[in-house]
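Structural characterization, general
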Amino acid sequence: NAGVTQTPKFQVLKTGQSMTLQCAQDMNHEYMSWYRQDPGMGLRLIHYSVGAGITDQGEVPNGYNVSRSTTEDFPLRLLSAAPSQTSVYFCASSQTAFNSYEQYFGPGTRLTVT
Amino acid sequence: KQEVTQIPAALSVPEGENLVLNCSFTDSAIYNLQWFRQDPGKGLTSLLLIQSSQREQTSGRLNASLDKSSGRSTLYIAASQPGDSATYLCAVRRRDSSYKLIFGSGTRLLVRP
């Protein structure tokens, strides 16, 4: 299993540009989520999904969209990039079978908005 | 609102020492608690998962305990090694329909040779 994969690893955007961060998992996990990690702020939840076709907002959803058309993929879209969105983005998935909910993380995408 | 606090924020110890990292949370209605390790510039690696009905979990030199009633968890690292140097994060999963994972801000550990 590849686990949780994210692309790209690094990205530089100009203010106002849009882009999609890709996330995929091959563990058949139902629960997937996106976090951003900033110095001094810890990890903050952006959006999450409890299964295909179901998404919901986390703590800091503004400026981001998500969709979940398949169990495997959970892309994060930045609609109009702003310098405040400069951060490291982590995708994660959780096994819900047997009520485990153990969380696994991808390697992250380091995004800089200029 | 669930808040997770980790103390100390940073810790430096000589190699071979046994050490304890602390995690506290404000709402005892949790589903589980998970400890992670993060190396600089890398993602998070799961170390131990403790379900709310459990009191402790062990993996190798690591032992994590959970006391829901007092809102505390500890991560015990035995015979520390320089390779243990990393940031350690604890996170609690809410016991509601969201199952959101709430993170502490981490303890940065340096094990000196």
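Structure report, in brief.

Here is what the cut-offs are and how they apply
- Residues numbered from 1 in each chain as written.
- Chains lettered and ligands numbered in written order.
- Predicted model: local features only at pLDDT ≥ 70, side-chain atom pairs only at ≥ 80, totals over all residues.
- Heavy atoms only, no water.
- Helix = DSSP H or I, 4+ residues; strand = E, 2+ residues; numbered from the N terminus.
- Rg over C-alpha atoms; globule rule 2.2 N^0.38 Å.
- Contact = heavy atoms within 4.5 Å.
- Lys, Arg positive; Asp, Glu negative; His and termini not counted.
- Charge placed at Lys NZ, Arg CZ, Asp CG, Glu CD.
- Buried area = accessible area lost by both parts, 1.4 Å probe.
- Salt bridge = Lys/Arg side-chain N within 4 Å of Asp/Glu carboxyl O.
- Polar contact = N/O pair within 3.5 Å; in protein donor to acceptor, adjacent residues only side chain to side chain.
- Buried < 20%, exposed > 50% of the residue type's maximum accessible area, 1.4 Å probe, protein only.
- Pairing = 2+ DSSP bridges.
- Axes fitted to C-alpha atoms, helices over the stretch in contact; angles between N-to-C directions.

When helices and strands are tallied, chain A shows zero helices and 11 strands. Each helix (α) and strand (β) of chain A, taken in turn from the N terminus, gives the series β-β-β-β-β-β-β-β-β-β-β. Computed over its C-alpha atoms, the radius of gyration of chain A comes to 13 Å, within 12% of the 13 Å expected for a compact globule of 114 residues. Seen along its three principal axes, the alpha-carbon backbone of chain A occupies a region of about 45 × 25 × 25 Å. Taking all contacts inside chain A whose residues are at least 6 apart in sequence as the whole, residues at least 24 apart take part in 53%. Taking the average location of the 7 positive side-chain charges in chain A and that of its 8 negative ones, the two points are 14 Å from each other.

Right, let's get into the interface of chain B and chain A. Tallying the contact residues gives 18 residues for chain B and 19 residues for chain A. Here chain B and chain A share an interface that buries about 1,600 Å² over both sides, 53% of which is from carbon and sulfur atoms. Joining chain B to chain A, the criterion identifies zero salt bridges. Our count for the contact surface shared by chain B and chain A stands at five residue pairs in polar contact (both at pLDDT 80 or more).

Glancing now at the side chain of K100 of chain B. Residue placement: K100 of chain B occurs in the loop between β9 (86–94) and β10 (101–103). D56 of chain A provides the closest opposite charge to the buried, unpaired K100 of chain B, separated from it by 6.6 Å. Excluding residues that lie within four positions of it along the chain, K100 of chain B makes contacts with Y31, L45, Y48, Q57 and G58 of chain A together with V92, R93 and R94 of chain B.

With that settled, consider the sheet that holds strand β1 (residues 4–7) of chain B. All names here are of chain B. Pairing is antiparallel across the open sheet formed by five strands, whose spatial order is β1-β3-β8-β7-β6. With one partner strand each, in any of the chains shown, β1 and β6 (56–59) form the two edges of the open sheet. For this sheet, the mean angle separating the axes of adjacent strands, direction not counted, is 15 degrees. Inspection of the sheet shows β6 paired to strand β7 (residues 62–67) by four bridges, in the antiparallel sense. In the sheet register, Q57 faces β7, and the bridge partner there is A64.

By themselves these figures say nothing about function.
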